[in-house]
Amino acid sequence: MIRMDVGDAENVALALGGDQDAFRVLVERHSRTLFRLAHRMTGNEQDAEEVVQEAMLRAYRRLDKFEARSNFGTWLYRIAVNCSLDLMRKRRPEKTQRQLAKGDESEMQDPLDTAISNEPGPDRLALSGELGEQVRVAMLALSPVERTAFVMRHFEGNSIEEIGETLGLGAGATKNSVFRAVQKLRQHLGPLVGQS
Amino acid sequence: MKYTGGHLNEEQLLDYRYGDLAEAKATVEEHLHQCANCRASYESLESVLAMVEALPVADPGPHFEARMWNKIAPKLQRPRFDWSALTAWMSPKRLIAFGTVAALIVVAFFAGRISLKQNNVTPAAPQVADNANANAPGQVRERILLVAVGDHLDRAQSVLLEISNAEPGSKQNSEVDISAQQERAQEMLVSNRFYRQTAEHSGDNAVASVLDELEPVLLEIAHSPSKVSSSELEELQRGIESRGLMLKIRVLDSTVRNKEKPTTQHSATRGS
């Protein structure tokens, strides 16, 4: 029996007791939100799906560590941020960084970029092709911590304290990561302003 | 960052954009209204952020939730060994760390053999047992790890001490350059994680716990600006002080060094 009408905390308690249907409700309730976050951070759909899957599995393994008085969505969100960070670190070989920094033509052949540039789909037509590609490249040029801090700040509207807590950084370092991210984006995209 | 009037730097513009200058909002708006340069800079910032914002988020499709559950459910029922996690864990930096430890073990092994030959030791039965104990791979590895952890703690102490004792300069130039400490903290992060995980696996909770507390501090130093303001420096210093980290590291360092001693003394006795 699916318990869509039951709150997260109750479903967590049921899942801890071995009720997998209860965990299924949690997965179905939160997957889409996590996907959006992961897509912003990783820049492609396949990686975003991988992040959601890994975050849900990590959450399941650590369910006993979840404190009932906390918000399950927030707890899950933090796990997903850390999964995205891990994946970005894994996917960001030095080669890609060098290519992105150089703006080398061959960078488009990198698996990371190929995954992003493939299958344009209707959702990617909002920004005109070339410009959209520039924005994606600029986002990929950010370090994983910078990208995470920026996404959490700009798209998710998290405070510096919340971001710092998730990343394990103090306020100064967190703020600096957001600032560096925005500076890099301005360097890459500033010259294109007016062309959009 | 506070705003007390005048031209806005990039950091202040960003603070204003994200609502962190709420108390000075009216002053900032008035300045932006009057100053064409600051207004142009702010508009350029807004345009860049708008371009990033326009990047669409993919739609995972109508059956995404069901698809996700179908992927997750089998893994909940039957936990299997996750090779992808192992592959991910074995990053080049970790492999280098492993390689270093392995090389040290090999060097220690051959050094022991050469030393025995040079001393023309013909061990009697009890001594053979003694040697076997002293050179058991587990003990050699433990000894090398103790030495490595001891050195790591020394380096950590030195970085934390330098940060704790740093003082901002004159009022005009109150920034402190911590780039050297930052570089060392960055280097130490990988080895810190490696030693912590090793300690966790071997059940050495005291070492694991202190290294676990050290990690966020190293992370914070590594990600701070290379020149920090006096308030940022104070924040770093408070982070170190509030955890009582210096004392914990000193105590652990001394414990680790003491653990090293008996084996060293033991070897010396055997050699004479």
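Residues numbered from 1 in each chain as written. Chains lettered and ligands numbered in written order. Predicted model: local features only at pLDDT ≥ 70, side-chain atom pairs only at ≥ 80, totals over all residues.

Q: Sorry if this is basic, but what is going on with the overall build of chain B here?
A: Counting its regular elements, chain B contains 12 helices and 2 strands. Secondary structure of chain B in N-to-C order comes out as α-α-α-α-α-α-α-α-β-α-α-β-α-α. Within the span of chain B, comprising 272 residues, buried residues form 21% of the whole. For chain B, long-range pairs separated by at least 24 residues make up 70% of all intrachain contacts whose partners lie at least 6 apart in sequence. (Helix = DSSP H or I, 4+ residues; strand = E, 2+ residues; numbered from the N terminus. Buried ≥ 20, exposed ≤ 12 C-beta atoms within 10 Å, placed from the backbone. Contact = placed C-beta atoms within 7 Å.)

Q: How should I be thinking about the overall build of chain A in this particular structure?
A: The helix and strand tally for chain A stands at 10 helices and 0 strands. Listing the helices and strands of chain A from first to last along the sequence gives α-α-α-α-α-α-α-α-α-α. Classification of the 196 residues of chain A by burial places 44% in the buried group. Within chain A, residue pairs in contact and separated by at least 24 positions form 58% of the contacts whose partners lie at least 6 positions apart.

Q: Which parts of the structure should I look at to understand the environment of I240 of chain B?
A: Residue and element names in this part refer to chain B. Looking at the element boundaries, I240 is found in helix α11 (residues 230-242). Taking the C-alpha atoms as reference, I240 lies 7.3 Å from L160; in sequence the two are 80 residues apart. Discounting chain neighbours no more than four positions away, the residues touching I240 are L160, I163, S164, V217, L245 and M246.

Q: Quick question: what am I supposed to make of the packing of helix α2 (residues 20-42) of chain A against helix α4 (residues 72-91) of chain A here?
A: Helix-helix packing is described using two parameters, namely the angle between the two axes and the distance between the axes. Residue and element names in this part refer to chain A. Look at α2 against α4: their axes get within 10 Å of each other, and the N-to-C directions meet at 40 degrees. By the criterion of interaxial angle, the relationship of α2 to α4 is oblique. Note on packing geometry: the crossing formed by α2 with α4 is right-handed. Contact residues: α2 offers L26, H30, L34, L37, A38, M41 and T42, while α4 offers F72, G73, L76, Y77, A80, S84, L87 and M88. Residues belonging to the contact of α2 with α4 are distributed by class as follows: 11 nonpolar, 4 polar and no charged. (Axes fitted to C-alpha atoms, helices over the stretch in contact; angles between N-to-C directions. Parallel < 35°, antiparallel > 145°, perpendicular 65-115°, else oblique. Left-handed = near helix turned anticlockwise from the far one by under 90°. Nonpolar A, V, L, I, M, F, W, Y, C, P; charged D, E, K, R; others polar.)

Q: Where do I start with the interface of chain A and chain B in this structure?
A: Often, the extent of an interface is quoted as the loss of accessible area on bringing the components together. The interface is formed by 47 residues belonging to chain A together with 39 residues belonging to chain B. Mapped by element, the contributors of at least two residues to the side of chain A that touches chain B are α2, α3 (45-61), α7 (129-140), α8 (144-155) and α10 (171-189) of chain A.

Q: Can you walk me through the packing of helix α9 (residues 179-201) of chain B against helix α10 (residues 205-223) of chain B in this structure?
A: Residue and element names in this part refer to chain B. Two numbers describe how α9 lies on α10: the axes approach to 9 Å, and their chain directions differ by 155 degrees. With respect to α10, the element α9 is oriented roughly antiparallel. You can see that α9 and α10 cross each other, and the crossing is left-handed. Facing Q181, Q182, A185, Q186, M188, L189, N192, R193, Y195, R196, A199 and E200 of α9, the residues of α10 in contact are V207, A208, L211, D212, L214, E215, L218, L219, I221 and A222. A class-by-class count of the residues in the contact of α9 with α10 yields 13 nonpolar, 4 polar and 5 charged.

Q: Sorry, what's going on with the nonpolar core here?
A: Nonpolar side chains tend to gather and get buried jointly when the protein is soluble and globular. Ranked by size, the top nonpolar core spans 92 residues in total, and within it A38, V52, A55 and A80 of chain A carry the most contacts. When residues in this core are grouped by element, the largest group, 10 residues, is from α2 of chain A. Contacts of V52 of chain A, omitting those with residues within four sequence positions, involve S31, L34, F35 and A38 of chain A together with M68 of chain B. (Core = buried A, V, L, I, M, F, W, Y, C linked by C-beta atoms within 7 Å.)

Q: Whenever I open this one, α11 of chain B confuses me. Can you help?
A: Residues that lie three or four places apart on an α-helix share one face, since the helix turns once every 3.6 residues. In this model, α11 of chain B (13 residues) spans 18 Å end to end at C-alpha, consistent with the 18 Å of a helix rising 1.5 Å per residue. Following α11 of chain B by one or two positions, G244 of chain B has its phi on the positive side, about 60 degrees. (Expected span 1.5 Å × (residues − 1).)

Q: What exactly am I supposed to notice about the environment of A68 of chain A here?
A: Residue and element names in this part refer to chain A. Tracing the sequence through the fold places A68 in the loop between α3 and α4. Using a count of 10 C-beta atoms within 10 Å as the deciding quantity, one classes A68 as exposed. As a C-alpha pair, A68 and A9 span 59 residues in sequence and 5.9 Å in three-dimensional space.

Q: Whenever I open this one, the confidence of the model for chain B confuses me. Can you help?
A: Interpretation of this model should avoid reading the predicted coordinates in detail wherever pLDDT is low. Residue and element names in this part refer to chain B. For chain B, per-residue confidence averages 77 on the pLDDT scale, and 75% of positions sit at 70 or higher. Confidence drops under a pLDDT of 50 for residues 121-132, and excluding neighbours within four residues, the segment shows 4 contacts in the predicted structure. Interface confidence for the predicted complex, given as ipTM, is 0.77, next to a pTM of 0.55. (pLDDT = per-residue confidence, 0-100.)

Q: What exactly am I supposed to notice about the confidence of the model for chain A here?
A: Residue and element names in this part refer to chain A. In the predicted model, chain A carries a mean pLDDT of 81, and the fraction of residues at 70 or more is 77%. The least confident element of chain A is helix α6 (residues 111-117), whose mean pLDDT is 39; the most confident is α3, at 95. Note on residues 102-125: pLDDT under 50 across the span, and 25 contacts to partners over four residues away in sequence or across chains.

Q: Sorry, what's going on with the environment of G164 of chain A here?
A: Mapped onto the fold, G164 of chain A is located in helix α9 (residues 160-167). Residue contacts for G164 of chain A: discarding those within four places in its chain leaves L169, G170, A171 and T174 of chain A.

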